[in-house]
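Structural features, examined
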Amino acid sequence: MKAVLQRALEAQVTMIDKDNGDVTRPIGHGLVVLLGVIQGDTPGHARLMAKKTCEMRIFEDGQGKLNRSLLDIGGEMLVVSNFTLGADCKKGTRPSFSDAAAPAEAIPLYELFVEECRRLGVKEVKTGEFGADMKVSLVNDGPVTIILDSDKLAQPKD
């Protein structure tokens, strides 16, 4: 799995639906997580990435040091599926997305990541809709942007 974490003062995702009207899901202070599921990812990867995301100390303490986690500050989370994080850009100038997991593999792991964040204690977790046309906006705080790759973390226990 790959995730881009962006510390946000506020954010929202809008699912564009020409037939039924757009649906917008906003959050306040917290994290926007762009989450890409890669072929071969397992439930262990989803749990590990959720734990790392929720416990990552990227919020300031009273002395201005990045010493507090999303859980510590009681922040909110917006999780948006993003298969383009599985882009392979080695050849040419058009990326290949062959490393991204197919929806049948990716959706359950995406949903597990979201549920695990809730289980760990994130007070509000909102999501986009897997495969939908979405528009994401945020007021980046800092800016603080962290990239997590499960291949570069301790191996998960499945």
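In this report, we go over the structure that sits alongside the text. (Residues numbered from 1 in each chain as written. Predicted model: local features only at pLDDT ≥ 70, side-chain atom pairs only at ≥ 80, totals over all residues. Heavy atoms only, no water.)

**Some points on the pairing of strand β1 (residues 2-15)**
On a regular strand, each side chain points to the face opposite its neighbour's, so the side chains alternate between the two faces of the sheet. Burial of β1 is extensive: 10 of the 14 residues sit out of reach of the surface. Two strands pair when backbone bridges link them, and β1 and strand β3 (residues 30-36) are joined in this way by seven bridges, in the antiparallel orientation. Residue pairing in the sheet places K2 in a bridge with G36 of β3. In the sheet, β1 pairs with strand β8 (residues 134-149) via 12 bridges, with the strands oriented antiparallel. In the strand pairing of β8, L5 is matched with I146. (Buried < 20%, exposed > 50% of the residue type's maximum accessible area, 1.4 Å probe, protein only. Helix = DSSP H or I, 4+ residues; strand = E, 2+ residues; numbered from the N terminus. Pairing = 2+ DSSP bridges.)

**Here we look at the nonpolar core**
Ranked by size, the top nonpolar core spans 29 residues in total, and within it V33, L35, M77, V79, F113 and C117 carry the most contacts. Every element with two or more residues in this core is listed here: β1, β3, α1 (43-55), β6 (76-81), α3 (103-120) and β8. When residues of this core are assigned to their parent elements, the largest contribution, six residues, is made by α3. Discounting residues that sit within four places of it in the chain, V79 has contacts with V33, L35, Y110, F113, V114, V125, K126, T127 and G128. Counting residues in hydrophobic clusters, the runner-up holds 11 residues, among them V4, V13, M15 and M134. (Core = buried A, V, L, I, M, F, W, Y, C linked by side-chain atoms within 4.5 Å. Contact = heavy atoms within 4.5 Å.)

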